[in-house]
Amino acid sequence: MRRLIASRPVRLALAVALVAGVAAGLVVAARRRRTGATAPHSAPPAPPAPHRAPPRDAEDPAGRGPEPVLGWPTSEDLERYDRPEAAAPIVRLLGGLPRIERPRGRKARRWTAALVALGLLVLTSQLLENAVFRPGAETASGRAAYAGGYAEPAPAVPSADPVADVPVAQPPLPSRDPACALRKTGSTTPAVRPISRRVTAAVNRQWRRIEKWLKAHAPRTYASLNKPAGRGLVAKAEARLGMRIPDSLRASLLRHNGARGPAAFRFSSHYAIMGARGLVSSWPETCEMGGGIPFAYDSDFGDYLVTNSATGGVGSADWELPYYEDEWSSYYALLTATADALAEGGPVGESVPVVHEGVLEWK
């Protein structure tokens, strides 16, 4: 019953209606039983009183008397107005409904009693199940549901800046491993590490190739790219992680702080890029998966693309196959492979880029 009717108030209303119907049926049956038992000893009903005619007038030989302006009521008028003054529509409605006859015969009464008993049994079992196996008021879902076991994560959509120790709508997951816990920045402002011009120029060159292709072929995905992240925000993200973010990924965040919406830019095959906030919020989970700083997320399977803080290599991580090897030598290598695939139509890994209604997809 719970699977068929998910709303608890509806189930309770049906249960109350069932109990009320059973009680009303028992009361009606008891009254009919008492009426049937006393019927032979009761007096026959008195005949209806005849309708009295109006008094005759001496001057009126026909006996009609002085007629009023509207005339005397006929038998049809009396029958038409012989009804309750109030609730007349309800009386007509109930009169037109088919009446439920009392089941005749021992077999019919047994079937009726069996159906009533079955309904009471189902109601009792449902109430007992709700009392014993009552679910919690709120069931956690997404990344917040993980507390030591597998749970498919959901992208974080914080309402404030998590790298600045401000409460957010979806706080980062608690970690069983102290090494995977986020650090507190306190009141001090983290120092901004410089990025070499060579790395910044190389990353921007690949992004320009990607942006040019998206603008021409997938405008909705092009519009999903966010504005650059601030250098202070990236520095706070590093402070919260307690480790350095590879320079090529930092340069990319300073170009586009992730993407937004269902048409968000994705790496092959379905990894939507994240900004600095998503990177920090997802770090405790990817750390439990085997390490690596997350920068892209696959909402279909709960996988991440992560980069190694020490080597700069890039690989994927999930709960079934934790991160243990690099698929690309660096974030810049992945960005270059993606730009080449868009420009030349070749694959990245086993996926090739396609466009559907202005959105970049990988097949």
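Just so you know, these numbers come straight off a predicted model, no measurement behind them.

S.K.: For this particular structure, what's the right way to read the packing of aromatic side chains?
M.R.: Tallied over the full model, the rule gives six aromatic pairs. Here F265 and F267 contribute two aromatic rings whose centre-to-centre distance is 5.6 Å and whose plane-to-plane angle is 75 degrees, an arrangement assigned as edge-to-face. Both residues of the pair, F265 and F267, belong to the buried class. Seen from their ring centres, F267 and F295 are 6.2 Å apart, and the 80 degrees between their planes marks the pair as edge-to-face. Of the two residues, F267 is situated in strand β1 (residues 266-267) and F295 in strand β3 (residues 293-298); the sequence distance between them amounts to 28 residues. Both residues of the pair, F267 and F295, belong to the buried class.

S.K.: Looking at this structure, I do not really get the packing of helix α5 (residues 197-217) against helix α10 (residues 331-344). What am I missing?
M.R.: Axes are the key here: two packed helices are described by the angle between their axes and the distance separating the axes. For the pair α5 and α10, interaxial distance at closest approach is 9 Å and the crossing angle is 30 degrees. Comparing the axis directions of α5 and α10 gives the class roughly parallel. Of the two possible hands of crossing, α5 and α10 adopt the one that is left-handed. In this structure, α5 contributes A202, V203, R205, Q206, W207, R209, I210 and W213 to the contact, and α10 contributes Y331, Y332, L335, T336, T338, A339, D340, L342 and A343. Taken together, the residues of the contact of α5 with α10 break down into 11 nonpolar, three polar and three charged.

S.K.: It is not clear to me how the pairing of strand β4 (residues 303-307) should be interpreted in this structure. Could you clarify?
M.R.: As a general feature of sheets, a regular strand has side chains that alternate between the two faces. Counted residue by residue, β4 has five buried out of five residues, so it is predominantly covered. Residues D303, L305 and T307 of β4 are buried on one face, and the alternating residues Y304 and V306, pointing to the opposite face, are buried as well. In terms of strand pairing, β3 meets β4 through five bridges, oriented antiparallel. In the sheet register, D298 faces β4, and the bridge partner there is D303. In textbook terms, the turn of a hairpin is the stretch between consecutive antiparallel strands, and for β3 and β4 this stretch comprises four residues, one of which, G302, has a positive phi near 75 degrees. Inspection of the sheet shows β4 paired to strand β5 (residues 314-317) by four bridges, in the antiparallel sense. The partner of Y304 across the bridge, within β5, is A317.

Parameters at a glance
Residues numbered from 1 in each chain as written. Predicted model: local features only at pLDDT ≥ 70, side-chain atom pairs only at ≥ 80, totals over all residues. Heavy atoms only, no water. Phe/Tyr/Trp six-rings, centres within 6.5 Å; stacked < 30°, edge-to-face > 60°. Buried < 20%, exposed > 50% of the residue type's maximum accessible area, 1.4 Å probe, protein only. Helix = DSSP H or I, 4+ residues; strand = E, 2+ residues; numbered from the N terminus. Axes fitted to C-alpha atoms, helices over the stretch in contact; angles between N-to-C directions. Parallel < 35°, antiparallel > 145°, perpendicular 65-115°, else oblique. Left-handed = near helix turned anticlockwise from the far one by under 90°. Contact = heavy atoms within 4.5 Å. Nonpolar A, V, L, I, M, F, W, Y, C, P; charged D, E, K, R; others polar. Pairing = 2+ DSSP bridges.

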